[in-house]
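Structural features, examined
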Amino acid sequence: MTTPDTVPATDHALDRLLAIMARLRDAESGCEWDLAQSFASIAPYTIEEAYEVADAIARNDLSALREELGDLLLQVVFHARMAEEQGAFAFNDVAAGIADKMEARHPHIFGSEDDHGQAREERWESAKAAERASKGDVGALDGVALALPALMRAEKLQKRAARVGFDWPDITGPEAKLAEEARELAEALSAAERVEEAGDLLFSAVNLVRRYGVAPEEALRAANAKFERRFRAMEALAQGGFASLSLDEQEDLWRAVKASEPRKTA
């Protein structure tokens, strides 16, 4: 039997965090800022904290990762507390729900021995399809979150469409479509047309990258980091005078920085 003295430290820490949030949201003695928040006002912070977790991982900073995971956990606790105040659900319901979901998605671990022969991808997709059906999702694109980063959402929409056969048979289709969309952007006559064609161009680029087996969001994040690294190196070489250089001189610095980087090996 578990006694108060044998309760895992993690339980004490989580109970403490839940109690802190309840106190902050207390109608009479709580924090004015915390009381003023809603699901909608907190959502941007939740997204930001998730990105900061990813940033700590990218920097391989485990100390920062521990802190950022705590900040992200706080967001879950905050949302759950507001839901509990409305009588919708509480933190324990959130934890129980994800526990049930993980067991259902891993029948080869938590289910019968008969489940071991099913391929992992088939098993995962079958479980997710059952979850979507239980929520009333019937269309292939149902359930793709609107708040996802645009590149990631485009990839997910395309993957969902591909599952029901709506996809190019080979890579030449996406390549031709990307070139077509680039021409249409160049030929656009109004600002509204340029926005639309630019969106089509980006969507087509995601499709082409996806067909090469590359995650567009991950690839663009890496490209951003590479550009930032090279640009900062150019500024360092220019010793504070980068803005006064001609475009040709700036391009010379770019080539020098690029040439100085280690060559990638296969």
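Since this is a predicted model, take the numbers as computed values, not measurements.

For the protein, the count of helices and strands is 12 helices and 0 strands. When the helices and strands of the protein are placed in sequence order, the string is α-α-α-α-α-α-α-α-α-α-α-α. Looking at the 266 residues of the protein, the share that counts as buried comes to 21%. Long-range contacts, defined as pairs at least 24 residues apart, comprise 46% of the intrachain contacts of the protein with a sequence gap of at least 6. Looking at the protein as shown, the accessible area adds up to about 18,600 Å², and 58% of this sits on carbon and sulfur atoms.

Our focus in this paragraph is helix 11 (residues 216-238). The periodicity of an α-helix, 3.6 residues per turn, causes residues three or four places apart in sequence to face the same way. Compared with the 33 Å implied by 1.5 Å per residue over 23 residues, the 33 Å span of helix 11 between its first and last C-alpha is a close match. Each element contacted by the buried residues of helix 11 is listed here: helix 3 (39-58), helix 8 (150-163), helix 10 (191-211) and helix 12 (247-260).

Let us look at the nonpolar core. One recurring pattern in soluble globular proteins is that nonpolar side chains are buried together. Formed by Met-21, Ile-42, Val-77, Phe-78, Ala-80, Met-82 and Phe-91, the largest nonpolar core amounts to 7 residues. Take this core: its biggest share by element is 4 residues, from helix 4 (residues 62-85). Leaving out residues up to four positions away in the same chain, Phe-78 has contacts with Met-21, Arg-25, Trp-33, Asp-34, Gln-37 and Ile-42. In terms of nonpolar packing, the next biggest core, distinct from the first, is built from 5 residues, Met-234, Ala-238, Phe-242 and Val-257 among them.

Below, the discussion takes up helix 12. An ideal rise of 1.5 Å per residue puts 20 Å on 14 residues; helix 12 measures up with 20 Å between its terminal C-alpha atoms. Three or more residues of helix 12 are buried, namely Gln-250, Leu-253 and Val-257. Axial view of helix 12: buried residues confined to an arc of 55°, hence all on one face. In helix 12, the exposed residues that point more than 90 degrees away from the buried face are Asp-248 and Ala-259. Where helix 12 is buried, its residues contact helix 11.

A contiguous nonpolar patch, built from Leu-73, Val-76, Phe-89 and Val-94 and spanning about 270 Å² of accessible area, is present on the exposed surface. With a relative accessible area of 33%, Val-94 lands in the partly exposed category.

For Gln-158, the location among the structural elements is in helix 8. Residue classification places Gln-158 among the buried residues on the basis of a relative accessible area of 5%. Residues within four places of Gln-158 in sequence aside, it is in contact with Phe-203, Val-206, Asn-207 and Arg-210.

Once that is clear, we can look at the pattern of salt bridges. Tallied over the full model, the rule gives 15 salt bridges. Arg-230 is the partner of Glu-261 in a salt bridge, and the nearest nitrogen-oxygen pair spans 2.9 Å. With Glu-261 in the segment after helix 12 and Arg-230 in helix 11, this pair connects stretches of sequence that are 31 residues apart. Residue classification places Arg-230 among the buried positions, given a relative accessible area of 10%. Of the charged contacts, one joins Asp-252 and Arg-255 as a salt bridge, the two residues approaching to 2.4 Å between their closest N and O atoms.

Turning next to the packing of helix 8 against helix 11. Put simply, helix 8 and helix 11 touch, their axes get as near as 8 Å, and they point 150° apart. One finds that helix 8 runs roughly antiparallel with respect to helix 11. Contacts between helix 8 and helix 11 involve Leu-151, Met-152 and Glu-155 from the first element and Pro-216, Glu-217 and Leu-220 from the second. Residue composition of the contact of helix 8 with helix 11, grouped by class: 4 nonpolar, no polar and 2 charged.

Conventions we followed
Residues numbered from 1 in each chain as written. Predicted model: local features only at pLDDT ≥ 70, side-chain atom pairs only at ≥ 80, totals over all residues. Heavy atoms only, no water. Helix = DSSP H or I, 4+ residues; strand = E, 2+ residues; numbered from the N terminus. Buried < 20%, exposed > 50% of the residue type's maximum accessible area, 1.4 Å probe, protein only. Contact = heavy atoms within 4.5 Å. Areas by Shrake-Rupley, 256 points an atom, 1.4 Å probe, with all protein chains shown as cover. Expected span 1.5 Å × (residues − 1). Core = buried A, V, L, I, M, F, W, Y, C linked by side-chain atoms within 4.5 Å. Arc of directions from axis to C-beta. Patch = residues over 30% accessible without salt bridge, like charges linked within 9 Å, V, L, I, M, F, W, Y side chains within 5 Å. Salt bridge = Lys/Arg side-chain N within 4 Å of Asp/Glu carboxyl O. Axes fitted to C-alpha atoms, helices over the stretch in contact; angles between N-to-C directions. Parallel < 35°, antiparallel > 145°, perpendicular 65-115°, else oblique. Nonpolar A, V, L, I, M, F, W, Y, C, P; charged D, E, K, R; others polar.

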